[in-house]
Amino acid sequence: MANKIIATGTKSGLMALLALASCTTTPTQQSQQTPTAVEQKKSETNPLLAKWTGPYGGVPAFDKMNLADLKPAMERGMELQLAEIEAIANNTAPATFENTIEAMEKAGEELNRAFVYYGIWGSNLSTPEFRTIQAELAPKISEFSSKISQNEKLFQRIKTVYENAQKNPLPADQQRVVQLVYENFAMEGADLSPEAKKRYAEINKELSSLYTAFSNNVLADEENYVTYLTKDQLSGLPESFVKAAAKAATDRGKEGMYAVTNTRSSMDQFLTYSNERALREKVWNTYYSRGDNGNATDNNENIAKILKLRSERVKLMGYKNYAEWRLQNRMAKTPENAMALMNAVWPAAIARVKEEVADMQKVANSTSKTKITIAPWDYRYYAEKVRKQKYDLNSDEVKQYLELGNLTQAMFYTAGELFNFKFTPVAEGTVPVFHEDVKVWEVTDKTTGQHIGLWYLDAFARQGKRSGAWASPYRSFTTFKGKETVLASNNSNFVKPAPGEPVLVSWDDANTFFHEFGHALHFLSANVKYPTLNSGVRDYTEFQSQLLERWLSTDKVINQFLKHHKTGEVMPAALVAKLKKAATFNQGFETTEYLASALIDMKLHLADPNGLDPDKFERETLAAMNMPKEIVMRHRTPHFTHVFSGEGYATAYYGYMWADVLTSDAAEAFEEAPGGFYDKEVAARLVKYLFAPRNAMNPAEAYRKFRGRDAKIDALMRDRGFPVPVNSSKK
Ligand SMILES: [Zn+2]
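None of these values were measured; they are calculated from a predicted model. (Residues numbered from 1 in each chain as written. Predicted model: local features only at pLDDT ≥ 70, side-chain atom pairs only at ≥ 80, totals over all residues. Heavy atoms only, no water.)

Caption draft 1: Structural detail: the overall build of the protein. Within the protein one finds 29 helices and seven strands. Relative to the globule expectation of 27 Å for 731 residues, the C-alpha radius of gyration of the protein, 26 Å, shows essentially globular dimensions. In terms of overall dimensions, the protein has C-alpha extents of about 85 × 65 × 60 Å along its principal axes. With 731 residues in all, the protein has 58% of them scored as buried. Once local pairs closer than 6 in sequence are excluded, the contacts in the protein between residues at least 24 apart make up 76%. (Helix = DSSP H or I, 4+ residues; strand = E, 2+ residues; numbered from the N terminus. Rg over C-alpha atoms; globule rule 2.2 N^0.38 Å. Buried < 20%, exposed > 50% of the residue type's maximum accessible area, 1.4 Å probe, protein only. Contact = heavy atoms within 4.5 Å.)

Here is the structure:
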């Protein structure tokens, strides 16, 4: 899941970038345009700042990208936006929605455009030259956003509008924008006394060094602790792994040996396939000791300091603890709600582990030469053996039915049925692209033919493109200054085939393809007036995309699109049944290793940070939770970078499961409907309440409107093959 990074769907690349880098959403910025600012804009000649021209309301000039323009464009864009912000802050007229909030929503057009190109270089076309520029710009961007969030006069005007709106409410969408903008500023300490603000800034500075130290320590332990194998120690390992390990050893000057690097993918494969138990133990220990080796790169002290500083910072603003502060504008709202969900699933997860271990112990008893008891370093190895016995799934056979072109058509079909969208390829050359592999479709309404937006697909891996799959918008839907239509993109890393050869993908990759398309549909279906209303909510934004994955295995998609690339034969029912059955396999392990991390994340931030010893805390808390001894946390505290190398996922790791509860529950709304997954009435409610409003509606309220009630965990329990609790708690 972690590799499915998405932009949070806000108005600009800036927002997306900051949302990825840290969880604090940057306040949206805006201004009234002073004559000077307008004049300055007219004279902008940098192509990366220029207004988008051409068809479809203007499109990014991806054909005119020149890296030499990037730094000046970004610097100029920030300068222009700061001038706009100053004009808003210094306005002598009383603060109103129009002259403050709406003006902020308008500001920064040039910078937003520059950020789109910045994002392309960062994710799709990276080079060492770009990374040098990126490193130079990073502190400037951070300084730029502080200048806005710390602007005292600006905040006072926002506060005035907010307080007036509390007394005399504005139209619903304006009221929501004011609330989100005000909360964002207030959560960043804008309302503090000058003294408290000073301390606040000091804390943030200290924290940022600690975050860097934390992630550098993890990185150092990943790079420095490598397990080298000799040829006689390769038993059980797949050929592809052996080849990669040989190269990794050669790269490290150990020609003729084989390196198991200290990363998740390397560790995971080694533990799954290696027949050498003692080596499995060694590799396991090395991996799960990252940041916890009692040497110069040990992170325990950093964790203790980070927790203390976070606590001090939120106490300046009057919060009891960090978790309370962080969750206030999330769907979960309170740490208690998030904990209730996790505690409701936990007992079933650890009970399932017992069953999984018993299955594995049987296999071990019948195959191992010596008598062993399943240990953490045996879990993946014996789980794989059980999987083969129970499911007999041949992943290569599955791939023959998953051809990329067919899958793309399957997604278009789904979008047509649910959203009434039609996808038509645009003629080559009419819309500029940044690489010849990128293809573009126009999205229109199936009935009216009305233009909705464009969808860009950059499907193939290449040097300089980041790994994984993601979705990002180049432009989001707004109407407050004339209608702006959506430019959405999906990006993946399929291996480009030889000309004329089909692209065949795995079941997991096909799911991910649908997942990212779900994010794109969330962008494309937006119907909001203001940019801020396009912003994402961390425990909610993965829900829409996760839900879309469900259409891959619907009968209509299977029968029309999952066809053998040579024979055209539809994927056999027996194979589909096997895939569905395999979905609940090993859920004890997966849910437990995930939940243990999510629970520790939350508990660490609820505990009193004074005198807290992270190592002891982790050990004692897990013991009190009855953590199965055969499993370790997915991310142990000393290398939990989600939580300690920044604030992106601090007290937010639960969010994956929160979104998954909604996913399972919403999927059942379709299953229960007369038309199943293609029920027109449920689809209409889905679009109306859960996609189109983005953040214009409180997510919990929106969900209630869709479902007629709050989401229940029952469906999630069924999906994971867990028993449904009798008094299932609502969330
Ligand atoms: Zn996603």
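Still more to cover.
Caption draft 2: View of the pattern of salt bridges. Under the defined criterion, the tally for this structure stands at 45 salt bridges. For the salt bridge of Lys 578 with Asp 392, the shortest nitrogen-to-oxygen distance reads 3.8 Å. Of this pair, Lys 578 sits in helix 22 (residues 573-582) while Asp 392 sits in the loop between helix 16 (379-391) and helix 17 (395-399); the two residues are 186 residues apart in sequence, bridging distant segments of the chain. A relative accessible area of 52% places Asp 392 in the exposed class. Ionic pairing is found between Asp 660 and Arg 720, a salt bridge with its closest N-O pair at 2.7 Å. Pair noted here: Asp 660 is in helix 26 (residues 655-672) and Arg 720 is in the segment after helix 29 (714-719), with a separation of 60 residues, a long-range link. (Salt bridge = Lys/Arg side-chain N within 4 Å of Asp/Glu carboxyl O.)

Caption draft 3: Local environment of the sheet that holds strand 4 (residues 439-445). Judged by pairing direction, the sheet is mixed, and its five strands sit side by side in the order 3-4-5-7-6 without closing on themselves. Of all the strands in the sheet, just strand 3 (421-425) and strand 6 (470-475) have a single pairing partner and so form its edges. The average undirected angle you get between the axes of adjacent strands in this sheet is 25°. Of the pairings in the sheet, the one linking strand 3 to strand 4 comprises five bridges and is antiparallel in character. The residue of strand 4 that forms the bridge with Lys 422 is Thr 444. (Pairing = 2+ DSSP bridges. Axes fitted to C-alpha atoms, helices over the stretch in contact; angles between N-to-C directions.)

Caption draft 4: Region of the structure containing unusual backbone geometry. Notably, Thr 651 is not glycine yet its phi reads approximately 50°, a positive angle. Secondary-structure assignment places Thr 651 in the loop between helix 25 (641-644) and helix 26. Backbone geometry at Arg 694 places phi at a positive 45°, although glycine is not the residue there. As for its position among the elements, Arg 694 is in the loop between helix 27 (680-691) and helix 28 (699-707).

Caption draft 5: Here's a closer look at the packing of aromatic side chains. Counting across every chain of the model gives 46 aromatic pairs. Between Trp 551 and Phe 677 the ring centres are 5.1 Å apart and the planes differ by 85°, which places this aromatic pair in the edge-to-face class. Of this pair, Trp 551 sits in the loop between helix 20 (541-548) and helix 21 (555-561) while Phe 677 sits in the loop between helix 26 and helix 27, and the two are 126 residues apart along the sequence. Take Trp 551: its relative accessible area is 0%, and that puts it in the buried class. According to the relative accessible area criterion, Phe 677 is buried, its value standing at 15%. Ring pairing ties together the aromatic residues Phe 62, Tyr 117, Phe 434, Tyr 456 and Tyr 474, which thus form one cluster. The side chain of Arg 310 reaches across the aromatic face of Tyr 322, ending 5.1 Å from its centre. A cation over a ring is seen here: Arg 538 above Tyr 649, with NZ or CZ 4.3 Å from the ring centre. (Phe/Tyr/Trp six-rings, centres within 6.5 Å; stacked < 30°, edge-to-face > 60°. Lys NZ or Arg CZ within 6 Å of the ring centre and 35° of its normal.)

Caption draft 6: Local environment of the coordination of the zinc ion. Here the zinc ion is held by the protein donor atoms His 515 (NE2), His 519 (NE2) and Glu 542 (OE), which lie 2.1 Å from it. Taken in sequence order, the residues that donate to the zinc ion follow the motif H-x3-H-x22-E. Remark: His 519 and His 515 occur in helix 19 (residues 507-524); sequence separation between them is four residues, near one turn of the helix. For the pair His 515 and His 519, one class covers both residues: buried. (Donors = N, O, S within 2.8 Å, 3.2 Å for Na, K, Ca; no water.)

On their own, these measurements won't tell you what the molecule is for.
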